[in-house]
Amino acid sequence: MLEALKNGKKIIVTGVGKSGAIGQKMAATLTSTGAPSVVLDPVNALHGDLGVATEGDIVLALSYSGETGEIVRVLPALRRLSVKIIAMTGHARSTIAREADIHIDVRVPKEACPLNLAPTSSTTAMLAVGDALAMVLLDARGFKKEDFAKFHPGGSLGRNLLYKVVDVMRPLKQLVVLNEKATVREALSLWNIKRSGAVIVVNDRKKLAGIYTHGDFVRGYQKNPRVGETLLREVMTPRPITVRVDKLAVEVLNLFEKHRIDDLVVVDGQNRPVGLVDAQDIAKSKLL
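The structure displayed is predicted, hence computed values, not measured ones.

Attention now moves to the nonpolar core. Of all hydrophobic cores here, the largest spans 21 residues; its most connected members are Ile11, Met26, Leu60, Leu62, Met88 and Met126. Counting residues per element, the ones that place at least two in this core are α1 (2-6), β1 (11-15), α2 (17-32), β3 (58-62), β4 (84-89) and α6 (121-140).

Below you can see the structure in the form of structure tokens.
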């Protein structure tokens, strides 16, 4: 399957009844993870729909019994199109299993149905194997979160995967950035102007040294009313938790949850601050 996909071919999934329904889900999962797939109705296949198949494609034929008449009848026509057939059945000696190039055994000891008739355990097994195939292909092809996002641009899933940190952060011009030798009083005066609840503290090389928040000030004032004269480097939180500006925005959610913080400094590759993400910014961006 991997070789066929690399050659620009597709996966054709065919089945009837409950197996057909499972096949539709398989095809959807494969397509959404970068493996182009289509569903072929075996009944209509012999009446023109075989045109969907081209040489080198992979046909995934689903039939728990392995004797589904509609699929058995279409197999010779598929053979003439030079496609490779992978059968997924519960009977290794069935007609479909024998006619396939590769057989995947999804046999179960018994259906969940108390009458042992309705396809239940067998369809679950078939679905699980289909998902496993999709994930193996995803991993083998190096499919990444960014690739997944391209195929899921709608809704919260697409939004979470497409947004970068730069899309949700507050830029430096909206923040208070001071040298570590500045005083808490200087930070307070700028907070009132910028309406920011934190000051990003940098060293002489403009690299991140720490962070000092309004909460830090309140706690410090309770212990020392003259905290305003203190240098930021003496009261700041050194080496704060940071996130790279080029990361996906969902990484911010993970860091907030893991470290239980309200302010996250955004840095570039040289550890220079470029912005800040406040917990309130996440709520406004609807990433939650």
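All right, on to unusual backbone geometry then. A negative phi holds for most residues other than glycine; trans holds for most peptide bonds. Although it is not a glycine, Lys206 adopts a positive phi angle of roughly 70°. By the secondary structure assignment, Lys206 is in the loop between β8 (198-202) and β9 (208-213). At Arg260, a residue that is not glycine, the phi angle is positive and equals roughly 55°. Arg260 sits in the exposed class, given a relative accessible area of 76%.

As a further point, take the packing of α2 against α6. For any two helices packed against each other, one specifies the inter-axial angle together with the distance between the axes. Packing of α2 against α6 leaves a shortest axis separation of 10 Å and a crossing angle of 15°. When the axis of α2 is compared with that of α6, the two are roughly parallel. Considering only the axes of α2 and α6, their crossing is right-handed. Here α2 contributes Lys18, Ser19, Ile22, Lys25, Met26, Thr29 and Leu30 to the contact with α6, which in turn contributes Thr123, Met126, Leu127, Gly130, Asp131, Ala134, Met135 and Leu137. For the contact of α2 with α6, the per-class residue count stands at eight nonpolar, four polar and three charged.

Further remarks concern the side chain of Asp278. Looking at the secondary structure, you find Asp278 in strand β13 (residues 273-278). Nearest to the buried, unbridged Asp278 among oppositely charged side chains is Arg170, at 4.3 Å. Apart from the residues lying within four places of it in its own chain, the contact partners of Asp278 are Arg170, Phe256, Asp262 and Asp263.

To continue, consider the environment of Val243. With respect to the secondary-structure elements, Val243 resides in strand β11 (residues 242-244). Distance in space between the C-alpha atoms of Val243 and Glu111 is 50 Å, their sequence separation being 132 residues. Apart from the residues lying within four places of it in its own chain, the contact partners of Val243 are Val165, Glu251, Val252, Leu255, Leu264, Val265, Val266 and Val267.

Let us now look at helix α13 (residues 250-259). For α13, every residue scored as buried is listed here: Val250, Val252, Leu253, Leu255 and Phe256. The positive-phi residue at the C-terminal boundary of α13 is Arg260, with phi of around 55°.

Most of β8 sits inside the fold, with five of its five residues counted as buried. Going residue by residue along β8, you find Ala198, Ile200 and Val202 tucked away on one face and Val199 and Val201 tucked away on the opposite face as well. With respect to chirality, the unit in which strand β7 (residues 176-179) leads through helix α10 (residues 184-194) into the neighbouring parallel β8 is right-handed. Note: β8 against β9, five bridges, orientation antiparallel.

Thresholds, definitions, all that
- Residues numbered from 1 in each chain as written.
- Predicted model: local features only at pLDDT ≥ 70, side-chain atom pairs only at ≥ 80, totals over all residues.
- Heavy atoms only, no water.
- Core = buried A, V, L, I, M, F, W, Y, C linked by side-chain atoms within 4.5 Å.
- Buried < 20%, exposed > 50% of the residue type's maximum accessible area, 1.4 Å probe, protein only.
- Helix = DSSP H or I, 4+ residues; strand = E, 2+ residues; numbered from the N terminus.
- Axes fitted to C-alpha atoms, helices over the stretch in contact; angles between N-to-C directions.
- Parallel < 35°, antiparallel > 145°, perpendicular 65-115°, else oblique.
- Left-handed = near helix turned anticlockwise from the far one by under 90°.
- Contact = heavy atoms within 4.5 Å.
- Nonpolar A, V, L, I, M, F, W, Y, C, P; charged D, E, K, R; others polar.
- Lys, Arg positive; Asp, Glu negative; His and termini not counted.
- Salt bridge = Lys/Arg side-chain N within 4 Å of Asp/Glu carboxyl O.
- Right-handed = clockwise from strand over helix to strand, strands pointing away.
- Pairing = 2+ DSSP bridges.

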